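Observations on the model geometry
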Amino acid sequence: MLPVEDMAPRISHRHIEVFRAVMLAGSATGAAELLHTSQPTVSRELARLESLLGYHLFDRVQGRLRPHARALALWEEVQRSWQGLDRVVDRAVALGRSAGAAQSLSVLCLPALSHALLPGAAARMLAAHPEARVSVTPQEPPLLEEWMTAQRFDMGLSEQVSSSTPPGTRSQLLLTLDEVAVLPVGHALASQPVLQLADFADVPFVSLSADDPYRRQIDALFAEAGVQRQMRMETHSAVAVCAMVQRGLGVAIVNPLTALAVAGQGVVVRRVGFSVPFSVSLVLPLYRAALEEVGWMVEALEVEAGDLESKLRRLI
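What you see is a predicted model; the values in this text were computed from it and never measured.

This paragraph deals with the overall build of the protein. Of regular secondary structure, the protein possesses 12 helices and 13 strands. Referenced to the eigenvectors of the C-alpha coordinate spread, the extents of the protein come out at roughly 65 × 55 × 30 Å. Within the span of the protein, comprising 316 residues, buried residues form 42% of the whole. Partitioning the intrachain contacts of the protein with sequence separation of at least 6 by distance along the chain shows that 76% fall at a separation of at least 24. Total accessible area on the protein is roughly 16100 Å²; 53% of this is exposed by carbon and sulfur atoms. Side-chain charges of the protein comprise 28 positive and 33 negative groups, with the mean position of each set lying 5 Å from the other.

Following this line, the structure appears as structure tokens:
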């Protein structure tokens, strides 16, 4: 097998382009259609890439290409690089527009905030400035912090469990509220206006994933109180948690913005008698040219955050 330093220069951008097309399409035939080339050409380039790497990327199963673990790891890196290339292309196109043309405000945010906070703020901004354009990219940590540090977006929205701010950025607190309980309509606990830790004893519970910082805080509170829940299901998304609660799979504790978005849709929201603070911060790059639209969106976010806080207090 060739040393990595000897074979790496022989791996071309075309090989990576073919790999990306295969991952997107799932087959050499589909990849050929994406690349406007032939299936034998794709198969040949892919085989050449595997030969240069010294290991297989895919299993060939009934005409499909099933990626190995190494292929999935490589795919993560390719996605990051391709997003960067897309940003370069977008920037190049924007530079060719006339000076008076509106530029697109690029916003990076956690998926939960793209559901709960950003839509209302965007509606406010676009109502006041109909000529504006907004591009929203949902992303989870740590890529969210990495991309903001790299100055790739005009602004970001983050749930900040800690006070840390990504390097090369400054943060501005938008709101701080406590997490709330969500229950299926008709659940026995729904009759109580405030739920204590003991109320969740032996109750089917839908939780965030084990690596979620809010999950760790909530688990620590229950462990300290000696309260055992029926840990039925877990998922990384607060939106998915609420959907499972809606289907009667259990109760949950989630961020108040997502809870407010689903309240009355088969879900009951209740306060809890213990504090799990939930904060949303605006993250702004320090070394990226600021657009006028940033100020418009910041103003809209502040108004929307205040409105959502008022609605939540009326609800619970």
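Back to the text.
If you walk through the whole model with that rule in mind, you get 11 salt bridges. Two residues, Asp-154 and Arg-288, come together in a salt bridge whose shortest N-O distance is 2.7 Å. Linking Asp-154 in the loop between α8 (143–149) and β5 (155–159) with Arg-288 in the loop between β13 (277–285) and α12 (292–315), this pair joins segments that are 134 residues apart in sequence. With a relative accessible area of 6%, Asp-154 lands in the buried category. We classify Arg-288 as partly exposed; its relative accessible area is 26%.

The four strands are arranged β8-β12-β7-β11 in an open sheet whose pairing can be described as mixed. Two strands lie at the open edges of the sheet, namely β8 (194–195) and β11 (252–254), each paired on one side alone. Across two bridges, β8 lies against strand β12 (residues 267–272) in parallel orientation. What sits directly across from Leu-195, in β12, is Val-272.

Here we have five strands laid out as an open sheet, ordered β4-β3-β5-β13-β6, and mixed in their pairing. The sheet is open, and its two edges are formed by β4 (133–138) and β6 (169–178), each paired on a single side. Across the sheet, the axes of successive neighbouring strands diverge by a mean angle of 20°, strand direction being ignored. Here β6 runs beside β13; their pairing, made up of nine bridges, is antiparallel. Paired with Thr-176 across the strands is Ser-279, a residue of β13. Lying on the sheet, α12 is in contact with β3 (104–109), β4, β5, β6 and β13; it crosses β6 at an angle near 15°.

The element β3 is extensively covered by neighbouring structure, given that five of its six residues are classed as buried. Pairing of β3 with β4, which is carried by six bridges, proceeds in the parallel orientation. Residue Val-107 lies in a different strand from β4, and its bridge partner there is Val-136.

Turning our attention to the packing of aromatic side chains. This model, assessed by the stated rule, comprises eight aromatic pairs. Look at Tyr-214 and Phe-278: their rings are 5.9 Å apart centre to centre, the planes differ by 40°, and that puts the pair in the tilted class. Placement of Tyr-214 in helix α9 (residues 213–225) and of Phe-278 in strand β13 is noted, with a sequence separation of 64 residues between them. Assessed through its relative accessible area of 0%, Phe-278 is described here as buried. With a centroid separation of 6.3 Å and an interplanar angle of 70°, the aromatic rings of Phe-222 and Phe-274 are classed as edge-to-face. Placement of the pair is Phe-222 in helix α9 and Phe-274 in the loop between β12 and β13, with a sequence separation of 52 residues. Like Phe-274, Phe-222 is buried. One aromatic cluster is present, formed by Phe-200, Phe-205, Phe-222 and Phe-274 through successive ring pairs.

Cut-offs applied
Residues numbered from 1 in each chain as written. Predicted model: local features only at pLDDT ≥ 70, side-chain atom pairs only at ≥ 80, totals over all residues. Heavy atoms only, no water. Helix = DSSP H or I, 4+ residues; strand = E, 2+ residues; numbered from the N terminus. Buried < 20%, exposed > 50% of the residue type's maximum accessible area, 1.4 Å probe, protein only. Contact = heavy atoms within 4.5 Å. Areas by Shrake-Rupley, 256 points an atom, 1.4 Å probe, with all protein chains shown as cover. Lys, Arg positive; Asp, Glu negative; His and termini not counted. Charge placed at Lys NZ, Arg CZ, Asp CG, Glu CD. Salt bridge = Lys/Arg side-chain N within 4 Å of Asp/Glu carboxyl O. Pairing = 2+ DSSP bridges. Axes fitted to C-alpha atoms, helices over the stretch in contact; angles between N-to-C directions. Phe/Tyr/Trp six-rings, centres within 6.5 Å; stacked < 30°, edge-to-face > 60°.

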